[in-house]
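Observations on the model geometry
So you can see what is in the structure, the chains are spelled out below.
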Amino acid sequence: MPIALTTVVASRLLGAAGAAPSVLNTEPWRFTVRRPDVVDVLADRYRWLRVRDPRGRSLHMSCGAALFNLRIAAQAMGFEPAVRLLPDPECAPELLARVTLGTPASASAPVPVPAPGPASAPAATAAPARASAAAPASASEASASEEARRLYDLIRVRRTTKGPFADRMIPEAVRAELCAAAALEGARLSFPGERATADLLEHVAAAQAELDRDAEYQAELAAWDPSPYVPDTDPVRDFGCQAGYARFEPRPQLAVLTTAADTPVDWLRAGQALQHMLLVAAGHAISASYLNQPLDLRDMRGRRNPRHRSGHLQMIMRLGYGGIAPRTSRRPMTEPIAEEGVSGLLQRRTHARQDGGAEGGVEFGG
């Protein structure tokens, strides 16, 4: 059943989407309500990192993460979003996804979901959304709605940090949950063993050393992140080539996200998979940091894709239990405007204002 977005509902949807992580906190997306029941997710080319991301892979992954938040917010409010990835790649390559909203047959109105709670609130104490007066038609629908609301509440809880994690292993059951979340979005999450972890960390340290000597890369980094958070010790240095882990956990837990192919559609799926598993991780008080230096070099130098038995590497992460990082600033949304007779139209500003500071003090892609 088609629906008409109100200004409040549109603000909730696009506010959730805009809270997604992005490479160097660039927020390289725009959102447009084209019809009362259609939201477009577009690439903002003014915020594209052309040095470190010449293929646009990280841009697509960032927008994929925003798309997942948009989907979850819609589901939490009782909508049934239908998503088309790259609906018109020839004529509108900047249009990355089109989301058509609809309500379940058993519901006459969206569920009144409030804005997510304070960023510092732990996931376990997040206030649940009030139930809709119209009960879902089946237990499976009820379960799906409950999970969507749970993930929606975790959007503002999720954090990334370069800081150390506790020396506490992630239980196998939780790892299985994270892998299942990624699989639902068409990607695969896996946890390297001890030897593979050591090899990956060496690759990360070597790639970082090469990037430190790249003037263009460093200039772009400084332009978008002029005052980066620098911890007392550096995970790349202390986990990679040097002995001694300082304050960092002695057993770093890495995870890699892969896709079967390496196309823009796969990058969008990988971004959705990443955000899905990050929200599930946040529900277990697990944070993440990113060690994508080898992938940046691959994209910048046109090198062969590092092979992995699961497919094409899209993300290298360190996961663990750590402190809560401060939330970063976000671009303000414009006031609701009317365009072509559609009220409640909301768009992201397209100018290239740079806010400085990265998600939790660490860039999403690096």
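Description of the overall build of the protein
Each helix and strand in the protein was counted, giving 9 helices and 11 strands. Within the protein, the fraction of its 366 residues that count as buried is 54%. In the protein, of all internal contacts separated by at least 6 residues, the share reaching a separation of at least 24 is 78%. Accessible area for the protein stands at about 15,500 Å²; split by element, carbon and sulfur atoms hold 54% of it.

What to know about the sheet that holds strand 4 (residues 95-100)
Read from one edge of the open sheet, 4 strands run 1-2-4-3, paired in antiparallel fashion. The two strands at the open ends of the sheet, each matched to only one other strand, are strand 1 (29-35) and strand 3 (82-85). Between one strand axis and the next, the sheet turns through 20° on average, direction left out of account. With 5 bridges connecting them, strand 2 (residues 38-43) and strand 4 associate as antiparallel partners. Within the sheet, the bridge partner assigned to V38 lies in strand 4 and is T100. Most of the contacts of helix 2 (residues 57-76) go to strand 2, to which it runs at about 160°, and overall it touches strand 1, strand 2, strand 3 and strand 4.

Notes on the pairing of strand 6 (residues 253-259)
Burial runs high along strand 6: 7 of the 7 residues are buried. Where burial is concerned, the two faces of strand 6 agree: the one with Q253, A255, L257 and T259 and the one with L254, V256 and T258 are both buried. Relative to strand 6, strand 5 (residues 188-190) runs antiparallel, the two sharing 3 bridges. From the neighbouring strand, S190 faces strand 6, where its bridge partner is V256.

Observations concerning the nonpolar core
L13, L189, L257, L274, M277, M317 and L319 are the most contacted members of the largest nonpolar core, which has 69 residues in total. It is helix 2 that provides the largest number of residues to this core, a total of 12 residues. Other than its neighbours up to four places away in sequence, L13 contacts L5, L70, A73, A74, M77 and L101. Membership of the second largest hydrophobic core comes to 9 residues, among which are L200, V204, L295 and L313.

Description of the pattern of salt bridges
One pass over the structure, following the stated rule, counts 13 salt bridges. Among the ionic pairs, E185 bridges to R71, the shortest N-O distance being 2.8 Å. Of this pair, E185 sits in the loop between helix 4 (172-184) and strand 5 while R71 sits in helix 2, and the two are 114 residues apart along the sequence. Taking the relative accessible area as the measure of exposure, R71 reaches 16% and is therefore buried. Residues R195 and D199 are paired through a salt bridge, measuring 3.6 Å at the closest nitrogen-oxygen approach. Taken together, the positions of R195 and D199, both in helix 5 (residues 194-212) and 4 residues apart, correspond to about one turn of that helix. Given a relative accessible area of 31%, D199 falls into the partly exposed group. One salt-bridge network, held together by shared partners, links R55, R57, D262, R298 and D299.

Quick notes on helix 9 (residues 293-301)
Helix 9 sits mainly inside the fold: 8 of its 9 residues count as buried. Within the span of helix 9, buried status applies to Q293, P294, L295, D296, L297, R298, D299 and M300. Among the residues trailing helix 9, G302 stands out with phi positive, at a value near 70°.

Looking at the environment of V39
Note on placement: V39 falls in strand 2. It is 9.1 Å that separates the C-alpha atoms of V39 and A10, two residues lying 29 residues apart in sequence. Those residues in contact with V39 that sit more than four places away from it in its chain are L5, L14, T32, V33, L70, A97, R98 and V99.

Re helix 2
Taking 1.5 Å per residue as the helical rise, helix 2 with its 20 residues ought to reach 28 Å, and the 29 Å between its terminal C-alpha atoms agrees with that figure. Most of helix 2 sits out of view: 19 of its 20 residues are buried. At the exit of helix 2 stands G78, carrying a positive phi of roughly 95°.

Things to note about the confidence of the model for the protein
Confidence along the protein averages 78 in pLDDT terms, with 69% of residues attaining 70 or more. Mean pLDDT values over the elements of the protein span from 34, in strand 10 (residues 337-339), up to 98, in helix 4. Counting contacts from residues 240-246, a segment whose pLDDT is below 50, to residues more than four positions away or on other chains yields 12 contacts.

Some details on the packing of helix 4 against helix 8 (residues 264-283)
Between helix 4 and helix 8, the shortest axis-to-axis distance is 8 Å and the interhelical angle comes to 150°. When the interaxial angle is binned, helix 4 and helix 8 end up roughly antiparallel. Seen along the crossing, helix 4 lies across helix 8 with a hand that is right-handed. From helix 4, E177, L178, A181, A182 and L184 reach across to helix 8, where they touch A273, H276, M277, V280 and A281. Each residue belonging to the contact of helix 4 with helix 8 can be placed in one class, and the counts come to 8 nonpolar, 1 polar and 1 charged.

Comments concerning the packing of helix 2 against helix 8
Where helix 2 meets helix 8, the axes come as close as 7 Å, and the angle between the chain directions of the two elements is 50°. Taken as axis vectors, helix 2 and helix 8 run oblique relative to one another. Here helix 2 and helix 8 pass one another in a crossing that is right-handed. Facing R57, H60, M61, C63, G64, A65, L67, F68, N69 and R71 of helix 2, the residues of helix 8 in contact are P264, W267, L268, A270, G271, Q272, L274, Q275, H276 and L279. Split into classes, the residues belonging to the contact of helix 2 with helix 8 amount to 11 nonpolar, 7 polar and 2 charged.

About the thresholds
Residues numbered from 1 in each chain as written. Predicted model: local features only at pLDDT ≥ 70, side-chain atom pairs only at ≥ 80, totals over all residues. Heavy atoms only, no water. Helix = DSSP H or I, 4+ residues; strand = E, 2+ residues; numbered from the N terminus. Buried < 20%, exposed > 50% of the residue type's maximum accessible area, 1.4 Å probe, protein only. Contact = heavy atoms within 4.5 Å. Areas by Shrake-Rupley, 256 points an atom, 1.4 Å probe, with all protein chains shown as cover. Pairing = 2+ DSSP bridges. Axes fitted to C-alpha atoms, helices over the stretch in contact; angles between N-to-C directions. Core = buried A, V, L, I, M, F, W, Y, C linked by side-chain atoms within 4.5 Å. Salt bridge = Lys/Arg side-chain N within 4 Å of Asp/Glu carboxyl O. Expected span 1.5 Å × (residues − 1). pLDDT = per-residue confidence, 0-100. Parallel < 35°, antiparallel > 145°, perpendicular 65-115°, else oblique. Left-handed = near helix turned anticlockwise from the far one by under 90°. Nonpolar A, V, L, I, M, F, W, Y, C, P; charged D, E, K, R; others polar.

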